[in-house]
Amino acid sequence: MAEENSAAVLTPTPSEPKLNRVERIKKGKDPFEVWEAIERYAVTGFDSIEKDDIDLFKWYGIYTQSSDTTGYFMLRIKLPNGDLTSTQLRTIASITQRFAQGLADVTDRQNFQLHWIQIENIPTIGRELEAVGLSLKGSSGDTVRNVIGCPLSGYDPTEIIDTWPLVEEVNRRLAGNSEFGNLPRKFKISISGCVEQCAHPEINDLGLVAVRKANGEVGFEAWVGGGLGSQPHLGQRLGVFIPPSAAVEVASHIIAIFRDHGYRKNRAHARLKFLLADWGVAKFREELEQRLGYHLEDGPAGYQAPANAYRDHVGAYLQKDGRYALGLATLGSRVTADQLFALADLAERYGSSHLRNTTLQNIVLLDIAAESLEEVKAATAALGLPSETSSFRRGLMSCTGNQFCKQAVSETKIRAVNLVEALELELPNFSRSAGRQLSIAFNGCPNSCTRYQVADIGLVGSLGRPTNNPSGEKEEVFQIYLGGKLGQDAQLGHHLKQRIRATEIKDYIVNLLQRFEAEREEGESFTQYVNRNLGEG
Ligand code: SF4
């Protein structure tokens, strides 16, 4: 694995006076070469692993787990555009069954994430994935992360352009490339050609979004510097038109600007968004054009997804060719190995052996003939992966939480499932008359792995004194964000002052949505309702 792209190793920017710990570990190394150490540690065992190497394991998507599960790793399997064949899915199902206690999570970057992985098994897992055309290289770390895109690219009759070939090329040339193996921090790319822009260009370091000029010519505009975390920034448009043939070159130079000028002193201040905030768009564009050696054409005012766009792709969607894509809702993003094996079988029996994960932690079966649609719907519902389900189930995202994540303060997975079940019971007729799917994001800490700032309801686990017991002991509480959204009039959610006891969060949300149902004005969306009550976000 490590021998690909092992050319240039870049030294950190000389102008940075003091480097953070991870920078010191990376200095003078190609982090991707840690694979050789992983192979060695698989023989010598967990206790022999050097601390500095563990940090570099992330370049292959490997993280240590929470203190309760010491000795085990989380493993992220990157899937550009969420794209999967049934053979690949069966391989992942088999790895899940043999090495990950039978459970896998779908992530918001269209990956699969496994837990309970032991170092002894990682080389075998890497080889099995490689044999079916998948790679762990660049699944995480300070490098180009999994390139995300619309799960219906190439299938959606309303798309401006099929972006799958560009995703493949960007992934092949830029992700897992040692030239970008030592960036100041992670670099996230989203490529969108669909009208719903479900790949969230606004919150990626680079969002390439298809645009059509007045003369009909199609290309891309670039959004840069988006990212959430504890200091969220929505991306800014560079104001350029990029012909499809130049998109990889432009992306490559943008990453190189970040590599050469990004901040390496403080990891909390290292993402591209901070450099862009200091430079401004004009200076960034000037640097980009200098590196390209030519001026980019000014772009047309780009299309932006409507605020009420359905971005989850759950349900049946007519494809360009008359067949159907069937989006299936996971429950809290978790699936079992048995479900994955069964999905691979269904994809072969009824489709073209082709599936895609979505950016909202769901899974799409592609190329279903119209006459088989009802049969497949019934089969997937029986599997526990329904295509027709409540707003709550399809719109809920949940991060790993304290079951496995060492950063977590709160449990999220079980609470998320309990919340969906309670909402389905208490609000059985909650309608989509607000014109938009309701999104709920459960986070176990402020790191925003499920994008709480841009969800209708964002929940962030922390330790604190609950609002209804301000003089008591600190305990597990949730902070609340309301009314966040992307697309037109994008806004970050209102951060409420209340801190809700973790044990009371379910009742709080049920009550909140009952009030919304009772009080909202005709056609009012959840965000509008929140803004009316709390002021504009
Ligand atoms: Fe872990 Fe926090 Fe991310 Fe949840 S949001 S997976 S707790 S880092």
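Conventions adopted
- Residues numbered from 1 in each chain as written.
- Predicted model: local features only at pLDDT ≥ 70, side-chain atom pairs only at ≥ 80, totals over all residues.
- Heavy atoms only, no water.
- Helix = DSSP H or I, 4+ residues; strand = E, 2+ residues; numbered from the N terminus.
- Rg over C-alpha atoms; globule rule 2.2 N^0.38 Å.
- Areas by Shrake-Rupley, 256 points an atom, 1.4 Å probe, with all protein chains shown as cover.
- Lys, Arg positive; Asp, Glu negative; His and termini not counted.
- Charge placed at Lys NZ, Arg CZ, Asp CG, Glu CD.
- Salt bridge = Lys/Arg side-chain N within 4 Å of Asp/Glu carboxyl O.
- Buried < 20%, exposed > 50% of the residue type's maximum accessible area, 1.4 Å probe, protein only.
- Pairing = 2+ DSSP bridges.
- Polar contact = N/O pair within 3.5 Å; in protein donor to acceptor, adjacent residues only side chain to side chain.
- Contact = heavy atoms within 4.5 Å.

Asker: Explain the overall build of the protein here, please?
Answerer: Helix and strand content of the protein: 15 helices and 22 strands. Taking 537 residues into account, the globule formula puts the C-alpha radius of gyration at 24 Å, and the protein, at 22 Å, falls close to it. C-alpha atoms of the protein, sized along the principal axes, occupy 60 × 60 × 60 Å. Carbon and sulfur atoms provide 48% of the accessible area of the protein, an area that totals close to 20,300 Å². Each charge class in the protein can be summarised by its mean position, and for the 59 positive and 67 negative side chains these summaries are 5 Å apart.

Asker: Help me out: how do you make sense of the pattern of salt bridges in this one?
Answerer: When charged atoms on two side chains of opposite charge get close, those side chains can pair. Evaluation of the coordinates by the stated rule reveals 40 salt bridges. A salt bridge links Arg393 to Glu424; the shortest N-O distance between them is 3.2 Å. Of this pair, Arg393 sits in helix H12 (residues 391–395) while Glu424 sits in helix H13 (residues 413–426), and the two are 31 residues apart along the sequence. The class of Arg393 is buried, set by a relative accessible area of 16%.

Asker: How should the pairing of strand E13 (residues 315–318) be read in this particular structure?
Answerer: Strand residues, when the strand is regular, have side chains that alternate between the two faces of the sheet. Examined bridge by bridge, E13 and strand E14 (residues 324–328) share four bridges and lie antiparallel to one another. Looking across to E14, one finds that Ala316 is bridged to Leu326. Two successive antiparallel strands, E13 and E14, enclose a turn made up of five residues, where Gly322 displays a positive phi of approximately 90 degrees.

Asker: Where do I start with the side chain of Asp105 in this structure?
Answerer: Summarising the element assignment, Asp105 is placed in strand E4 (residues 103–106). Residue class for Asp105 comes out buried when judged on its relative accessible area of 3%. Of the polar contacts made by the side chain of Asp105, one reaches the side chain of Arg334; its length is 2.7 Å. The contacts of Asp105, once residues within four sequence positions are left out, are Asn111, Phe112, Gln113, His115, Ser333, Arg334, Thr400 and Lys413.

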